[in-house]
Amino acid sequence: MSMTTRDFGELETEFDTYVGAINYATMVTVDAENRPRTRVLIPVWEKVDGQPLGWLATYRTPVKAAHLARNPHTNFSYWAPGNNSVAVDATAVWDNELPVKEHVWELYRRTSPRGAGYPLGNFWTDPSDPKLHVLRLTPWRVQVIRGADLRSRIWRADRGESRLVTTAGVSPPIP
């Protein structure tokens, strides 16, 4: 059974619980030939103006940068034994302003949601480290599945909020 909503609050508790417990997500991007590429990373999430917003502290690898420059749409998939899972469809854009990096550093430090994150100091010296890059993850669809009975809850952004502004213009609305 599946329920769809435009109110993220209706599945926020399960989202936070599952993401915090699982922590690691498989990120999917696509190359110039539309072939998927995955990597396992740890994004953090917060709620801003009632909407989910994610952040990924990462290295700006040539492959990841090229994929996202061509197509900023990505997916993050969380799964745990017992089949609790979360799928996040989002757009990703680089956002390396120092205040953003400081904010993201703090989200990782305190874990957001609780349990999701790690000490960024394990890989970077501080928020101003030039090797630290941040991806802003703007979800347009989030699905939470409870493994015990496979109940599915889906949040979708309002159509007006599901557009990605890029240097090339505005992407078409996401269904």
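Residue numbers here run from 1 along each chain, matching the order of that chain's written sequence. Reporting of local features is limited, given that this is a predicted model, to residues whose pLDDT is at least 70; pairs of side-chain atoms are given and counted only at 80 or more, and all residues count toward the totals for whole chains, interfaces and linings. Excluding hydrogens and water, the side-chain values take into account all heavy atoms of the structure.

## As for the packing of aromatic side chains
One pair of aromatic rings is described through two measures. These are the centre distance and the angle between the planes.
Then, in step 1: When the centres of two rings from Phe, Tyr and Trp lie within 6.5 Å, Trp using its six-membered ring, the rings pair. Their planes under 30 degrees apart give stacked, over 60 give edge-to-face, and anything left gives tilted. On inspection of all chains with the given rule, the structure shows 8 aromatic pairs.
Then, in step 2: Residues Phe15 and Trp45 carry aromatic rings whose centres are separated by 5.8 Å and whose planes lie at 85 degrees to one another, so their mutual orientation is edge-to-face. Taken together, the residues Phe15 in helix H1 (residues 12–22) and Trp45 in strand S4 (residues 44–48) connect sequence positions 30 residues apart. The pair formed by Phe15 and Trp45 is uniform in burial state, with each residue classed as buried.
Then, in step 3: Consider the rings of Trp45 and Phe76, whose centres lie 6.2 Å apart with planes at 85 degrees: the pair is edge-to-face. Here Phe76 lies in strand S6 (residues 73–79) and Trp45 lies in strand S4, a separation of 31 residues in the sequence. A single burial state applies to Trp45 and to Phe76, both of which are buried.
Then, in step 4: Among the aromatic residues, ring-to-ring pairing joins Phe8, Phe15, Trp45, Phe76 and Trp155 into one connected group. Secondary structure is summarised from DSSP: a helix means a run of H or I of at least four residues, a strand means a run of E of at least two, and numbering begins at the N terminus for each. For the exposure calls, accessible area comes from a 1.4 Å probe over protein chains only, and a residue counts as buried if that area is under 20% of its type's maximum, exposed if over 50%, partly exposed in between.

## With respect to the confidence of the model for the chain
Then, in step 1: For every residue, the predictor assigns a confidence score, pLDDT, that lies between 0 and 100. Averaged over all residues, the pLDDT of the chain is 91; the fraction at 70 or higher stands at 91%.
Then, in step 2: In what follows, a contact means two residues having at least one pair of non-hydrogen atoms within 4.5 Å. Within the model, pLDDT remains below 50 along residues 162–175, and this stretch shows 21 contacts once partners closer than five positions in the same chain are excluded.

## A short note on unusual backbone geometry
Then, in step 1: The omega torsion across Ser112 and Pro113 is -5 degrees, close enough to zero to call that bond cis.
Then, in step 2: Assignment of secondary structure puts Pro113 in the loop between helix H3 (98–110) and strand S8 (133–146).
Then, in step 3: Phi at Asn23 is positive, roughly 70 degrees, even though this residue is not glycine.
Then, in step 4: Mapped onto the secondary structure, Asn23 falls in the loop between H1 and strand S2 (25–30).
Then, in step 5: One non-glycine residue, Thr111, adopts positive backbone phi at about 65 degrees.

## Focus on the layout of surface pockets
Then, in step 1: Of the two site types, the cavity is a set of points on a 1 Å grid over the protein atoms alone where a 1.4 Å probe fits but cannot get out, and the pocket is an open set with protein on both sides within 12 Å along at least five of seven lines, each lined by residues with an atom within 4 Å of a point. Grid points are joined across faces, edges and corners, and a volume is the space filled by probe spheres set on the points. For the second largest pocket, the calculated volume is near 190 Å³.
Then, in step 2: Counting only elements with at least two residues in the lining of the second largest pocket, the list comes to strand S3 (36–41) and strand S5 (51–58).
Then, in step 3: The element that contributes the greatest number of residues to the lining of the second largest pocket is S5, accounting for 3 residues.
Then, in step 4: Throughout, the ten residues Ala, Val, Leu, Ile, Met, Phe, Trp, Tyr, Cys and Pro are labelled nonpolar, Asp, Glu, Lys and Arg are labelled charged, and all others, Gly among them, are labelled polar. Across the lining of the second largest pocket, the residue classes break down as 11 nonpolar, 1 polar and no charged.

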